[in-house]
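# Examination of the molecular architecture
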Amino acid sequence: MRNSFAALLMLLPGMALGQTMLTGDPGLGAGSLGGPGPFRWNDEAALAPTAAPLGNSILGDRTPGAASLQAVAPDADVTLPARPMDGPADDAATVLADSMVLQGDRTLIAAGGVVVWYQGARLVASRIVVDGPSGSLTIEGPIHLSRPGAADPDAEAVLIADSGQLDRELQDGIIRGARLVLARELQLAATELTRTGNGRTTTLRQVVASSCQICASEPTPLWEIRARTITHDAETRLLTFDHPQFRAFGVPLAAAPFAVTAPDPTVERRSGVLRPEFRTTSGLGFGIKLPYFVTMGDHADVTITPYLSASRTRTLELRYRQAWSNAVTEWNGAISRDDIQPGETRGYLFGNALIDLPRGYRLGVQVQTASDRGYLLDYDITEADRLWSGFTLDRVTRDKLFFGRVGNYHSLRDDEDNSTSPAQVADVIWQRRFTPGYVGGQALLEWSVHAHRRPSDQDREGRDMARASVGLDWRRSEILPGGVVGAALAGIDADIYRIAQDSDYDDLVARVDPMLGVELRWPLIGGGGGATHLVEPVAQILYSPSGTDDDIPNEDSRLIEFDEGNLFSDNRFPGWDAREGGLRANLGVTWTRIDPTGWSLALTGGRVLRADPERAFPPGSALSSTRSDWLVAAQYDSGTGLALANRALFDDGLDLSRNELRLGWLRPDLQLSAGHLWLDGDAQEPERPEISELVANIGWQIRDGWWGNAETRYDFDADKAQRASLDLTYRNECLTVEMGVSRRFTSSDSVRPETSLGLSVRLGGFGMQEDLPGTVARRSCLR
C-alpha cells in the first residue's frame, strides 16, 4: 500500500491563467478554483521521517501534465469618476492660502501657496480667482490637480499646468501648458487641455506622450508619440491618438494617417494587439509572432497568433480560456505548414478543464495530441515526450480520499512502440483513515482497481492486465520509560490479477501479503551556546513472508528510490506489482542543529539489514543484498536564502553508488538553482549506464536595469551539453527589451539540434506592467 494517506493530488494538469495587456497576456475573472493549487510535500520535520514521499501524486507512473488550472479575480464593470460622488452637491470647499481678498461680495482672490480641497480633489496653485455668480475658477500656475484621497492614488491621473479655467467642481474646463500623468507612468504634454463630461473626458491638443524621464539637460526622450490630439476616457480607460507619429531619439520612425487607440497604464485586459515577438531558429529561419487578444467579457478570451517566417513556415496559433463560477478551462493549439516536413500539415492541441462538482468532488479533463514530437520542440511548445488524455475525478476530506482516472497514453519517443506500451489506463483508489475501537492507534483502509491495455494482439508484447487490491495498515505509538517512543505496526495487502495475452503467466493470480513490525524512536533535545540540538535514533524491525512474485509481471515498480524519505518505510516499491518481503531492520539516526542566528543543519544516516537478499530489487542496486548501502544525507539552510542538500549512497568500502547535490540561493540580485546527479553504472548491463548530469539555472543582476538568466543541462558522461540558453532583459522607466538565445543539442530520427534566437520590445505606459526580477534603470535629472 502507499505509505501516506496525506498524499494529496496534483489534479488534472492545465496552465495558469493570468496575463497583462501588452506585456504578456490579460487575465480572466473568478477566484482560485477548487481550493489550493498543486500539492507540495511539506518540509520534513527536524526528526527522522516516517513515510516515503516519492512524489506529489498518488500514482507512481508520473502522468505528464502542467500545473492545475487557475484564474484571477474578475474585472468589475465600474465607472471611474473623476471625483467621489458621496457628498452633497452644494457642500463647501476648503481653501488654504497666504492671502485671500473678497471683492464686492462676489469674487474671491486667493494668492500665495493656494491649496483647495473639494470632493476629494486637491488643487495646488499660486493664485486663483473664484467668480461668485458662476463659481468658475481662473487659476494661475504652476497648477497641480490630483485626488490624494482616492482608493488607489497610484492609478489616478495627475494634472500639472501653467494656467487654466475650471468649473466649481474642479472637473471641466480649459487648461493651458498642461501635462497629464497617468498612473505615474505615462506623461502627456500639450499646449492646451480640455476636460468635459464631469471630468470623464480629457482632450489634449498638439500633444506629446512618453513614459520616459525627461530632463532639462536632455529634453529628447528615448521614445515619444506625437499627435494632433490625444483623448483619455476615464471610464473606459482608453487613449485615442489622432494621426500619431512615433519617434525614437527624436527621429520619426512611423506614422498613421488615422486614429489609434491604446489602453492606459491601469488596464489589465483589453482587446487588441499584444507585444510582437521576433524569433529566429535554425530550422524555421527569421520569423515574427503578432498575437491579437480578444476579450469575451470578464470570464473568457481568445488569443490569435499568426507566426510567419521567411519562406519556412505559415502557422496559426490559437488559445481559448474561460472561467465559470465552478469551472475553468484552457485550450491551446496550432496548425502549421513548413519546410521541415514539406507537404505535410503539422500541429498540436492541448486542452484542460477543471470542474467543481457537488459534495466536494472535482472533475478534470485533459487532451494532449501532436502530429510529432519534433513539432513541439521546433515551435518551442513543450519538451514532453509522452502525452496523456483522459478524465480524472477526485475528492479529499479530513479522513477520506477518492481518486479515479481513465485515459490514453501516447509516446513520442523514437525507441517506444505505442502498440506494445500500455496505452489505455484506468485507476480507482479509495482510502479511509480511522481509529480502531478496540486496539486504538491509527488505521488506513485502501481499495484500488487498476487496468491497462496494449493495442498489440501479439503474445507477450501485447500483454493486458487488470488488478483489484485491498489493504489495511495499522500503527499505534506509546511513550515508554526514558522518553523512548515505541510503536507496533501491522498490515495486510490482498490482490487479484487478471493477465491476458501473455502465455508466461496464468490468467488469474491472487496473493496475500501480511506485515508485522515494531519501531523504537528516542528523540533527544539539548542546547549549548544558544543553539538547539535535536537527535533521534530510530530502529524498525519488520517481517513479511518472502515472495518472489514471479507469477506477476512487474509493470509499475521498476523505478526504486532509496533516500531519507523512505529509509523507515515498510515498502520501497512505488507501485503495487512488487512488495518487499522477509525479515529486515531499518536503522538510522538524525541530528539537527538550529542556530539562534537563523541557520540550521540536519544530518541523516542509516541503512537496511536483511536476513536474506530481496530478489525483487535489481541486482547490484543499493537495496539488493543483505546489507544495503549506507545512506547519508545533509541539509543546510543559511536562513538568508542559501540552501544546500546532498544525498550519498556508498558501501562498506566507501565506494559511492549514487550522489546527488542540490544548491539554491535566493537574493534580490541573484537567483540560483543547480543540481548534480551521479549514478554508478554497470558495463555488463546496458539498462544501467553511468549517469553524471548537471542542471543549473541562474538569474543575476548584471547592472542597474540589466537582468540575465542562464540555463544548462550538461551530460558529463557523454561530455556534451543537452541544452543551454541565455536570456537578457533590459528595463528602464519607459522600455523593456527581452532577448535570448538557446541551443538544443540532442538529436534523434525525429528531433535534430536547433539554435533559437528571440527578441521582444515593450513600451511602458500602455497596459499594466508585469512583474520581472531585478531593478529598473531610471534616469535622474541633475540640477
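All values reported here derive from a predicted model rather than from experimental measurement.

## A closer look at the state of the cysteines
If you walk through the whole model with that rule in mind, you get one disulfide. With its sulfur 2.1 Å from that of its partner, C212 forms a disulfide with C734. Handedness here is read from the sign of the S-S torsion; for C212 and C734, about 85°, the answer is right-handed. Of the two residues, C212 sits in the loop between β9 (201-210) and β10 (223-233) while C734 sits in the loop between β41 (720-731) and β42 (735-744), which places them 522 residues apart along the sequence. A single burial state applies to C212 and to C734, both of which are buried.

## What to know about the pairing of strand β4 (residues 121-131)
Looking at chain direction, strand β3 (residues 107-118) and β4 are connected through 10 bridges and run antiparallel. Across the sheet, W117 pairs through a bridge with R122, a residue of β4. Between β3 and β4, which pair antiparallel in sequence order, lie two residues; one of them, Q119, sits at a positive phi of approximately 55°. Across seven bridges, the pairing between β4 and strand β5 (residues 137-146) is antiparallel. Looking at the pairing, L123 lines up with L145 of β5. Where β4 folds back onto β5 in an antiparallel hairpin, the turn is made up of five residues, including G135, whose phi is positive at roughly 75°.

## Section: the packing of aromatic side chains
Counted according to the given criterion, the structure contains 13 aromatic pairs. Consider the rings of F278 and F286, whose centres lie 6.3 Å apart with planes at 15°: the pair is stacked. With 5.0 Å between their ring centres and 45° between their planes, W706 and Y730 make a pair best called tilted. Residue W706 is located in strand β40 (residues 706-715), and its partner Y730 is located in strand β41; the two are separated by 24 residues in the primary sequence. W706 sits in the partly exposed class, given a relative accessible area of 27%. By relative accessible area, which is 21% here, Y730 ends up partly exposed. Three or more aromatic residues joined by ring pairs make a cluster, and in this case those are Y307, Y348, F350, Y375 and Y379. Here R521 stacks its cationic end above the ring of F568, 5.6 Å away from the centre of that ring.

So, how was this worked out
Residues numbered from 1 in each chain as written. Predicted model: local features only at pLDDT ≥ 70, side-chain atom pairs only at ≥ 80, totals over all residues. Heavy atoms only, no water. Disulfide = S-S within 2.5 Å. Helix = DSSP H or I, 4+ residues; strand = E, 2+ residues; numbered from the N terminus. Buried < 20%, exposed > 50% of the residue type's maximum accessible area, 1.4 Å probe, protein only. Pairing = 2+ DSSP bridges. Phe/Tyr/Trp six-rings, centres within 6.5 Å; stacked < 30°, edge-to-face > 60°. Lys NZ or Arg CZ within 6 Å of the ring centre and 35° of its normal.

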